[in-house]
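Report on the structure
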Amino acid sequence: MRVAINLSFLLPGVVGGSEEYSVRLLRAVLEHHPDIDLEVVAHDALFEGHPALAANGSRVAGPVGFRPYRVVAESVLVPRFTRAADLTHHFGGRLPARATSPSVVTIHDIQPLDLPQNFSSTKAAFLRRSLPKTARRADLICTPTRWVAERVVERLGVPDDRVRVIGPAVGRRPVASERDAIASIVGDRPVVLFPAITHPHKNHRLLIDAMARVHRDRPDALLVLTGGAGLAAADVAADIDRVDPDGAFIRHLGRIEENLLMGLLADADVVAYPSTYEGFGLPVLEAMQAGTPVLAADAACLPEVVGDAGLLLPADDAERWAIEIITLLDDADRRARLAAAGSVRATEWAGEEASDRLVDAWRDVVS
């Protein structure tokens with residue numbers, strides 16, 4: 001089976017979790033399904049950032065830069081490269097205006113409909129129009145979680161049998177590498193890690209306020225924030241300055257190299273994830289895979305991902321988060337139990353099984 005993959009929307013470091021979701025799944029297909037002939041349509045920048053895709057017969061197409069130009073170019077260029085395929089899978093959440101059939105689309109979430117305030121008015125209006133059109137035209141819609149699938153069925157009117165849940169493929173197990181770099185950041189202090197771009201729904205303020213309370217009981221504890229600058233970057237900086245003007249217990253590193261992030265995930269005492277809206281929440285899975293205890297908000301898809309392998313807390317109760325963080329930092333046995341449970345749960349998204357689910361979906365559409 002020849003499958004064309006449209007990643008022309010993807011500029012590395014810009015689109016967040018959907019980049020890792022898409023690339024890891026495709027790498028798993030290449031590893032476990034050599035009978036599938038993949039042709040990836042993407043920008044040079046993608047292949048520079050993910051050479052494993054370029055090394056497997058991928059093709060580069062499309063311009064970079066001005067987004068409206070990319071949108072138009074996608075409709076012109078992608079069909080040229082996909083017309084000979086048995087199927088085209090669009091990982092960008094929507095179908096181009098012109099697209100070959102049959103078509104599969106991955107909708108990572110419907111945030112443009114649920115939280116339009118997180119987008120420019122132009123982008124929100126564009127996605128409000130294109131998402132319903134995509135829902136009508138696609139032969140199959142894939143979502144990373146059942147929660148997103150239910151939102152697609154409810155908000156876009158897609159029949160349940162035309163939606164398939166295809167979770168991510170976990171990558172390599174995070175290990176505590178980059179020891180010198182980590183030591184220069186955290187020393188030997190207990191670490192609470194929150195890896196997330198500074199968008200409003202990530203809910204940084206709750207965790208910052210919780211750590212101000214933690215600091216009174218555990219002055220040695222350190223909150224480490226990673227991730228690029230989002231729409232709430234200025235607000236997050238102001239909140240940090242409000243509760244920790246001297247930098248005593250919060251370090252905001254911004255976007256960092258993958259190896260350093262993986263090392264922090266594996267080395268942290270707790271990964272806290274208070275986000276109020278997620279299509280999957282890949283850092284939560286990475287933390288569980290690394291054997292690091294997880295605290296997550298009881299919101300959106302996070303209960304589905306975490307299950308009973310972590311602690312789920314209200315997304316608006318900073319005092320409760322502070323209490324649970326202090327309790328975990330003080331109780332090594334409890335951390336170990338949560339870590340073990342998380343490691344087991346993470347195996348549900350092993351690469352072979354995840355790629356099997358995706359390939360089965362492709363075969364069903366083609367047949």
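Residues numbered from 1 in each chain as written. Predicted model: local features only at pLDDT ≥ 70, side-chain atom pairs only at ≥ 80, totals over all residues. Heavy atoms only, no water.

What follows covers a negative patch on the surface. On the surface, Glu-178, Asp-180, Glu-257 and Glu-258 cluster together into a negatively charged patch. Here Asp-180 shows up in helix H8 (residues 179-186). Residue classification places Asp-180 among the exposed positions, given a relative accessible area of 70%. (Patch = residues over 30% accessible without salt bridge, like charges linked within 9 Å, V, L, I, M, F, W, Y side chains within 5 Å. Areas by Shrake-Rupley, 256 points an atom, 1.4 Å probe, with all protein chains shown as cover. Salt bridge = Lys/Arg side-chain N within 4 Å of Asp/Glu carboxyl O. Lys, Arg positive; Asp, Glu negative; His and termini not counted. Charge placed at Lys NZ, Arg CZ, Asp CG, Glu CD. Helix = DSSP H or I, 4+ residues; strand = E, 2+ residues; numbered from the N terminus. Buried < 20%, exposed > 50% of the residue type's maximum accessible area, 1.4 Å probe, protein only.)

Attention now moves to the packing of aromatic side chains. On inspection of all chains with the given rule, the structure shows 3 aromatic pairs. Aromatic pair Phe-194 and Tyr-273: ring centres 5.3 Å apart, planes at 90°, arrangement edge-to-face. Of this pair, Phe-194 sits in strand S8 (residues 191-195) while Tyr-273 sits in strand S11 (residues 270-273), placing them 79 residues apart in sequence. For Tyr-273, a relative accessible area of 1% puts it in the buried group. (Phe/Tyr/Trp six-rings, centres within 6.5 Å; stacked < 30°, edge-to-face > 60°.)

The next subject is the nonpolar core. Membership of the largest hydrophobic core comes to 82 residues, with the highest contact counts inside it found for Val-152, Leu-156 and Trp-321. Setting aside its immediate chain neighbours within four residues, Trp-321 contacts Leu-206, Leu-207, Ala-210, Ala-272, Tyr-273, Pro-274, Leu-295, Ala-296, Ala-297, Leu-313 and Pro-314. Listed in part, the 30 residues of the second largest apolar core include Leu-25, Val-40, Phe-47 and Cys-142. (Core = buried A, V, L, I, M, F, W, Y, C linked by side-chain atoms within 4.5 Å. Contact = heavy atoms within 4.5 Å.)

Together, Arg-128, Arg-129, Lys-133, Arg-136 and Arg-137 make up a region of like positive charge exposed at the surface. Position of Arg-129 among the secondary structure elements: in helix H6 (residues 121-137).

Quick look at H6 now. Taking 1.5 Å per residue as the helical rise, H6 with its 17 residues ought to reach 24 Å, and the 25 Å between its terminal C-alpha atoms agrees with that figure. Among the residues making up H6, those that are buried are Ala-124, Ala-125, Leu-127, Ser-130, Leu-131, Thr-134 and Ala-135. Of the surrounding elements, those touching the buried residues of H6 are strand S5 (103-106), helix H5 (111-114), strand S6 (140-143) and helix H7 (146-156). (Expected span 1.5 Å × (residues − 1).)

Note on placement: Leu-312 falls in strand S13 (residues 311-313). Since its relative accessible area comes to 27%, Leu-312 is described here as partly exposed. Ignoring sequence-local partners within four residues, the contact set of Leu-312 consists of Ala-296, Ala-297, Asp-298, Leu-302, Pro-303, Val-306 and Gly-307.

Once that is clear, we can look at the pattern of salt bridges. Evaluation of the coordinates by the stated rule reveals 21 salt bridges. The partner of Arg-242 in a salt bridge is Asp-239, and the shortest N-O contact between them spans 3.2 Å. One end of the pair, Arg-242, and the other, Asp-239, are both in helix H10 (residues 233-243), 3 residues apart, so they sit about a helical turn from each other. A salt bridge links Arg-334 to Glu-324; the shortest N-O distance between them is 3.3 Å. Taken together, the positions of Arg-334 in helix H15 (residues 332-346) and Glu-324 in helix H14 (residues 318-330) put the pair 10 residues apart, joining distant regions of the chain. Assessed through its relative accessible area of 13%, Glu-324 is described here as buried. Connected through shared salt-bridge partners, Asp-114, Arg-151, Glu-154 and Arg-155 make up one network.

The topology assignment puts Thr-226 in strand S9 (residues 222-226). Here Thr-226 is in contact with Leu-193, Phe-194, Pro-195, Ala-196, Ile-197, Leu-253, Gly-254, Ile-256, Leu-261 and Leu-264, once residues within four sequence places are set aside.

With that out of the way, let us pick up the environment of Ala-332. Looking at the secondary structure, you find Ala-332 in helix H15. Distance from Ala-332 to Asp-269, taken between C-alpha atoms, is 9.3 Å for residues 63 residues apart in sequence.

This part covers the sheet that holds S11. One open sheet accounts for 6 strands, arranged S10-S9-S8-S11-S12-S13; its pairing is parallel. Each end of this open sheet is capped by a strand with a single partner; those strands are strand S10 (250-254) and S13. If you compare each strand with its neighbour and ignore which way they point, the axes differ by 20° on average. Note that S11 and strand S12 (residues 294-297) share 3 bridges and pair parallel. The residue of S12 that forms the bridge with Val-271 is Val-294. (Pairing = 2+ DSSP bridges. Axes fitted to C-alpha atoms, helices over the stretch in contact; angles between N-to-C directions.)

Honestly, it's all geometry; don't read function into it.
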